[in-house]
Amino acid sequence: MRKEMLTGNAAAAWGVRLAEVDYIPVYPITPQTEIIETLAKWISDGVMDSRYVTMDSEHSMLTAAGSASATGARAFTATSSQGLLYGFEMLYAVAGWRVPLVMVNVSRGLSSPITLEPDHNDVLAARDTGFLQIHCETCQEVLDSILMAYRLAEDERVLLPIIVNLDGFYLSFTREPVAVPDVEQVRNFLPLYQPKHAFFKASQPMAQSAAVLGGSSYSYFKYQMHMASQNALAVYKEVCDEFETGFGRNYDTIEGYMLDGAEYVLIMTNSFSTLGKAAVNNARERGIKAGLLRLRLVRPFPVADLKAAISRKKAVAVIDQNISIGKGGILHSEIASCLYNEKHRPLLLSFIAGLGGKNISPDEFEFIINKIVTGVDTEDAGTAQLIYTDKEWQEMGRLKRMAGKG
Amino acid sequence: MAGNGEIKEDGGKGVKDMVMERIKSIKDIPPEENMLPGTPACAGCGGLLALRHCMKALGRKIVIVNAAGCFTLLTIYPYTPFKNSWLYTAMACAPAGAQGIRDALDILIKKGRLDPEEDLKVVVLTGDGSAYDMSLSSTSGAINRNLDFYYICYDNESYGNTGVQWSGATPFASKTGTTPPGRICPIGSELAKKDLFAIWNSHKPPYLATISPAHPVDLINKFKKAEQYKGPKLFIALSPCPPGWGIDSSYTVKLAKLAVDTGVWALKEAVFGVVTHTVVPKRFKQVEEYLQVQGRFAHLFKPVRQEAALNKIQEEVNEYWNRHKLLL
Ligand SMILES: Cc1ncc(C[n+]2csc(CCOP(=O)(O)OP(=O)(O)O)c2C)c(N)n1
Ligand code: SF4
Ligand SMILES: [Mg+2]
């Protein structure tokens with residue numbers, strides 16, 4: 001083991017290298033490209049023994065990654081935003097092939113308007129595909145999650161592909177100290193991929209991805225995927241325990257920050273959770289019993305863990321760094337549906353913030369936390385709040401005047 | 001990595017030897033059937049007949065990578081007519097699927113995790129709509145990377161599976177569901193069929209050929225010749241389609257033959273870009289003979305003869321063969 005200062009992207013590349021991936025089809029897109037360039041260099045230098053190919057699109061890239069996995073190789077690929085959407089058809093297809101592909105998505109807001117900085121509309125668009133999703137806050141977590149993802153995906157009770165998500169710029173280009181494990185240590189945790197269910201070889205012809213006629217067969221295979229995803233909740237705990245034994249770091253499905261004794265809880269995902277944790281500290285200093293829950297496993301949705309963590313809290317505010325146009329925060333809806341049948345359930349508030357990489361300042365967090373407190377006092381959760389500061393409003397006004405729309 | 005144009009090592013067997021293995025008559029066609037009957041394809045499907053011959057040439061140690069189209073329904077859970085492996089991908093990306101499989105087989109063999117005896121030929125199977133339109137990008141990439149694979153395009157000149165609509169392979173003046181002849185547009189399809197052979201050939205692949213289900217000897221020999229090359233080996237089969245073309249299912253072979261005899265479908269091959277015609281009719285029949293038996297061209301004859309359109313079609317065929325100095 002050694003410590004290095006690594007960006008989120010470099011940490012991702014290290015995860016792939018340590019997992020001794022066989023096959024890497026790629027396609028460049030900001031802010032993901034550093035991952036595939038790092039891997040290309042390692043392969044060119046001979047420190048990594050993988051086949052690497054630049055495809056003509058993310059649609060082709062996902063197909064090649066999935067079909068290599070269906071042949072029996074351990075495959076990896078990476079993308080972001082527009083690329084994820086360009087390959088979207090194949091997300092459903094590859095998940096249906098039941099192959100344990102691991103893909104990194106480096107979150108970035110979706111066009112239009114075209115932009116580079118992160119929010120989670122890209123990765124959450126893939127939430128129904130069958131891919132499991134692990135969302136990361138730190139560079140260390142990115143590396144570790146890739147190793148855990150292969151273990152989880154390749155488990156015979158699961159056999160579904162996984163997206164490991166990290167925020168563009170805020171994590172992809174931020175250096176943090178990362179413990180890089182030794183490859184022997186990783187081999188103990190992650191054995192060779194030797195599939196019994198899906199491969200291509202001359203002596204055992206196999207028809208994969210056959211068509212079905214009618215809803216009975218179709219439903220059967222879809223239900224199988226859903227049940228496998230549900231199985232993954234228990235398998236995840238095993239993987240988590242073994243990872244902790246091997247590497248000394250623990251990653252549960254959710255991470256609680258000052259949750260014990262908290263009455264008011266923020267729910268967040270990914271790198272902005274770090275800002276949320278600082279806001280919790282500030283609130284505590286003001287005498288407000290705040291805490292934060294970071295959702296790490298987004299698919300399968302850790303319903304039981306969530307309920308146990310928040311059903312007896314006074315109030316919960318979901319800060320969605322995404323927007324389902326015409327509905328609101330995606331995770332807010334998902335969390336609300338978990339709590340609906342609970343006898344004890346907190347007041348649930350919804351905030352949209354951090355779209356397209358928009359910062360969430362301490363003032364904005366203070367506003368949100370004050371809203372939670374007054375919400376409890378008035379027993380009114382209100383409607384979804386679209387967070388935007390006065391300063392931003394004024395600046396936008398200036399830009400509009402320059403554009404002749406003032 | 002194999003450079004463009006690498007020839008497979010074949011234990012000292014040169015190109016000439018391979019050519020000498022050419023079959024001479026229909027009696028020499030391998031009797032083994034690698035695709036069994038009982039598929040949901042239409043009676044008289046020309047594409048299926050072409051595929052049956054291709055499968056005889058390819059043998060059983062193959063994996064077919066399929067794109068959305070009629071032949072996707074050859075493998076419906078839990079049935080398959082094939083004795084070989086199969087992977088359905090999606091409409092745009094069968095060549096990318098082939099890339100992943102080929103690369104995975106190669107790396108597994110290299111790392112000693114797969115016995116070389118277990119190796120497979122990777123065979124893309126798509127319709128024209130996929131080949132001429134949606135998967136041009138993934139195909140171009142695969143050829144450019146010199147991917148070692150076969151590509152069989154059964155060209156029924158339409159999006160057949162969705163009920164016969166215009167595709168990039170639909171010929172001028174053809175009636176399809178989306179090019180219906182009418183008062184404003186009496187011609188039907190106003191666009192020319194794309195020249196996929198030329199598009200693919202611009203990449204100078206090791207081997208590229210047009211084939212016909214009515215010329216199985218030519219077809220088998222082309223596969224035999226292709227076998228010596230490592231890299232892309234590409235085939236386009238003009239495939240009469242009874243419901244799409246408006247012909248009786250017993251007419252398939254006759255029409256496939258007429259397409260060649262009238263010069264509409266040129267049987268040819270290209271080795272690293274150099275084109276040779278393999279079947280040149282001694283006397284070309286008039287194109288009209290081919291057109292008038294097909295429902296999709298009926299509007300060119302009734303209620304009024306569309307002389308200009310008919311002439312244009314004949315002239316284009318003449319021009320092609322003149323250009324190649326083969327019109328006798
Ligand atoms: C992305 C996508 N768009 C459209 C379709 C609908 N579709 C299914 S088969 C098909 C026609 C394919 O035409 P072709 O490749 O010529 O094969 P054929 O049906 O003629 O055998 C179409 C358009 C699809 N499956 N996927
Ligand atoms: S529609 Fe045409 S190509 Fe499709 S199965 Fe029927 S005959 Fe064959
Ligand atoms: Mg077609």
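Rules of the game
Residues numbered from 1 in each chain as written. Chains lettered and ligands numbered in written order. Predicted model: local features only at pLDDT ≥ 70, side-chain atom pairs only at ≥ 80, totals over all residues. Heavy atoms only, no water. Contact = heavy atoms within 4.5 Å. Buried area = accessible area lost by both parts, 1.4 Å probe. Salt bridge = Lys/Arg side-chain N within 4 Å of Asp/Glu carboxyl O. Helix = DSSP H or I, 4+ residues; strand = E, 2+ residues; numbered from the N terminus. Nonpolar A, V, L, I, M, F, W, Y, C, P; charged D, E, K, R; others polar. Pairing = 2+ DSSP bridges. 1 Å grid on protein atoms, 1.4 Å probe; cavity = no way out; pocket = protein on both sides within 12 Å on 5 of 7 lines; lining within 4 Å. Points joined across faces, edges and corners; volume = space filled by probe spheres on them. Near = heavy atom within 4 Å. Donors = N, O, S within 2.8 Å, 3.2 Å for Na, K, Ca; no water. Buried < 20%, exposed > 50% of the residue type's maximum accessible area, 1.4 Å probe, protein only. Patch = residues over 30% accessible without salt bridge, like charges linked within 9 Å, V, L, I, M, F, W, Y side chains within 5 Å. Areas by Shrake-Rupley, 256 points an atom, 1.4 Å probe, with all protein chains shown as cover. Polar contact = N/O pair within 3.5 Å; in protein donor to acceptor, adjacent residues only side chain to side chain. Axes fitted to C-alpha atoms, helices over the stretch in contact; angles between N-to-C directions. Parallel < 35°, antiparallel > 145°, perpendicular 65-115°, else oblique. Left-handed = near helix turned anticlockwise from the far one by under 90°. pLDDT = per-residue confidence, 0-100. Domains from an automatic or database assignment.

Some points on the interface of chain A and chain B
The interface is formed by 40 residues belonging to chain A together with 40 residues belonging to chain B. Buried area between chain A and chain B, summed over both chains or domains, comes out near 3,100 Å², and the portion from carbon and sulfur atoms is 64%. Seen at the junction of chain A and chain B, the total is three salt bridges. With a shortest N-O distance of 2.7 Å, B:K111 and A:D22 are connected by a salt bridge. Listed by contribution, the elements that provide at least two residues to the side of chain A that touches chain B are β3 (51-54), α3 (58-71), α5 (88-96) and β9 (207-208) of chain A. Along the lines of polarity and charge, the residues of the side of chain A that touches chain B split into 21 nonpolar, 12 polar and seven charged. Bridge analysis of β9(A) against strand β2 (residues 85-88) of chain B gives two bridges, and the strand direction is parallel. Along β2(B), the bridge assignment pairs A:Q208 with B:L87.

Examining the layout of surface pockets
Residue and element names in this part refer to chain A. Within this model, the largest pocket holds a volume of roughly 1,000 Å³. For the largest pocket, the lining is made up of 31 residues, of which G96, W97, S209, A210 and F221 are closest to its centre. For the lining of the largest pocket, the secondary-structure elements that each account for two or more residues are α5, β9 and α9 (215-247). In terms of residue count, the dominant contributor to the lining of the largest pocket is α9 (eight residues).

Observations regarding the site of ligand 2
In the region of ligand 2, the neighbouring residues are B:A41, B:C42, B:C45, B:C70, B:N156, B:C241, B:P242 and B:P243. In the shell around ligand 2, the residues fall into seven nonpolar, one polar and no charged.

Some details on unusual backbone geometry
Cis geometry marks the peptide bond from A:S111 to A:S112, where omega comes out at 5 degrees. Tracing the backbone shows A:S112 in the loop between β5 (102-107) and α6 (121-125). With a phi angle near 50 degrees, A:E20 is a residue other than glycine that sits in the positive phi range. Checked against the element boundaries, A:E20 lands in the loop between α1 (8-18) and β2 (23-26). Of note in the backbone geometry, B:V164 takes a positive phi value of approximately 70 degrees without being a glycine.

Digging into the coordination of the magnesium ion (ligand 3)
All names here are of chain B. Listed as protein donors to the magnesium ion (ligand 3) are D128 (OD), N156 (OD1) and S158 (O); their distances from the metal cover 2.0 to 2.2 Å. One chain supplies every donor to the magnesium ion (ligand 3), and in sequence these donors are spaced D-x27-N-x1-S. Of this pair, D128 sits in helix α4 (residues 128-134) while N156 sits in the loop between β4 (149-155) and α6 (196-201), placing them 28 residues apart in sequence. The exposure classification of D128 matches that of N156, with both residues buried.

What about a nonpolar patch on the surface?
Residue and element names in this part refer to chain A. On the surface, Y388, W393, M396, L399 and M402 cluster together into a nonpolar patch covering about 580 Å² of accessible area. The residue L399 is located in helix α14 (residues 390-402) in this model. Under the relative-accessibility criterion, L399 is labelled partly exposed at 37%.

Side note on the site of ligand 1
Within the structure, ligand 1 sits among 17 residues, and B:C70, B:G129, B:Y154, B:G160 and B:N161 are positioned closest to it. Among the chains of the assembly, those with residues near ligand 1 are chains A and B. For ligand 1, an oxygen atom lies 2.8 Å from a polar atom in the backbone of B:C70. Within the side chain of B:D128, one N or O atom sits 3.1 Å away from an oxygen atom of ligand 1. Coverage of ligand 1 by the protein chains reaches 77% of its 580 Å² of free accessible surface. When residues of the shell around ligand 1 are assigned to their parent elements, the largest contribution, four residues, is made by α4(B). Classifying every residue of the shell around ligand 1 gives six nonpolar, nine polar and two charged.

Focus on the packing of helix α2 (residues 46-58) of chain B against helix α7 (residues 216-226) of chain B
All names here are of chain B. Packing of α2 against α7 brings their axes to within 9 Å, and their N-to-C directions diverge by 40 degrees. Between α2 and α7, the angle is such that the two are oblique. Note on packing geometry: the crossing formed by α2 with α7 is right-handed. Residues A50, H53, C54, K56, A57 and L58 of α2 touch α7, and the partners they reach there are P216, L219, I220 and F223.

Focus on the side chain of B:H277
All names here are of chain B. Its location among the elements puts H277 in strand β8 (residues 274-279). With a relative accessible area of 15%, H277 lands in the buried category. Looking at H277, its side chain comes within polar contact range of the side chain of Y320, at 2.6 Å. Filtering out sequence-adjacent residues up to four positions away, H277 remains in contact with A266, L267, K268, Y320, W321, H324 and L326.

Some details on the confidence of the model for chain B
All names here are of chain B. For chain B, mean pLDDT is 94; residues scoring 70 or higher make up 94% of the total. Below a pLDDT of 50 lies the segment residues 1-20, which in the model reaches 21 contacts outside its immediate sequence neighbourhood of four places, other chains included. Across the assembled chains, the prediction reports ipTM 0.98 with pTM 0.97.

Points about the sheet that holds strand β16 (residues 385-386) of chain A
Residues and elements named next belong to chain A. Ordered by their spatial adjacency, six strands build an open sheet running β10-β12-β11-β14-β15-β16, and the pairing between neighbours is mixed. Edge positions in the sheet fall to β10 (254-257) and β16, since each has one partner strand and no second. With four bridges connecting them, strand β11 (residues 264-268) and strand β14 (residues 315-320) associate as parallel partners. Bridge pairing links I267 to V318 in β14. Against the sheet, helix α10 (residues 273-285) touches β10, β11 and β12 (290-295), its axis set at about 165 degrees to β12. Contacting β10, β11, β12 and β14, helix α11 (residues 303-310) crosses the sheet at an angle of about 180 degrees to β12.

So, the domain arrangement of chain A
Residues and elements named next belong to chain A. When the domains of chain A are assigned, the result is domain 1 (2-247) and domain 2 (254-393). On a C-alpha basis, the centroid separation for the pair domain 1 and domain 2 is 28 Å. On the side of domain 2, 29 residues touch domain 1, which itself brings 28 residues to the contact. Taken together, both faces of the contact between domain 1 and domain 2 bury some 2,400 Å²; the carbon and sulfur share is 48%.

Some remarks on the pattern of salt bridges
Tallying each qualifying case throughout the model produces 44 salt bridges over all chains. The residue B:K194 makes a salt bridge to B:D133 at a minimum N-O spacing of 3.0 Å. One end of the pair, B:K194, is in the loop between β4 and α6; the other, B:D133, is in helix α4, and 61 residues separate them in sequence. B:K194 gets classed as partly exposed once you look at its relative accessible area, which sits at 31%. One network of salt bridges, with partners in common, ties together A:E137, A:E141, A:E255, A:K277, A:R294 and A:R296.

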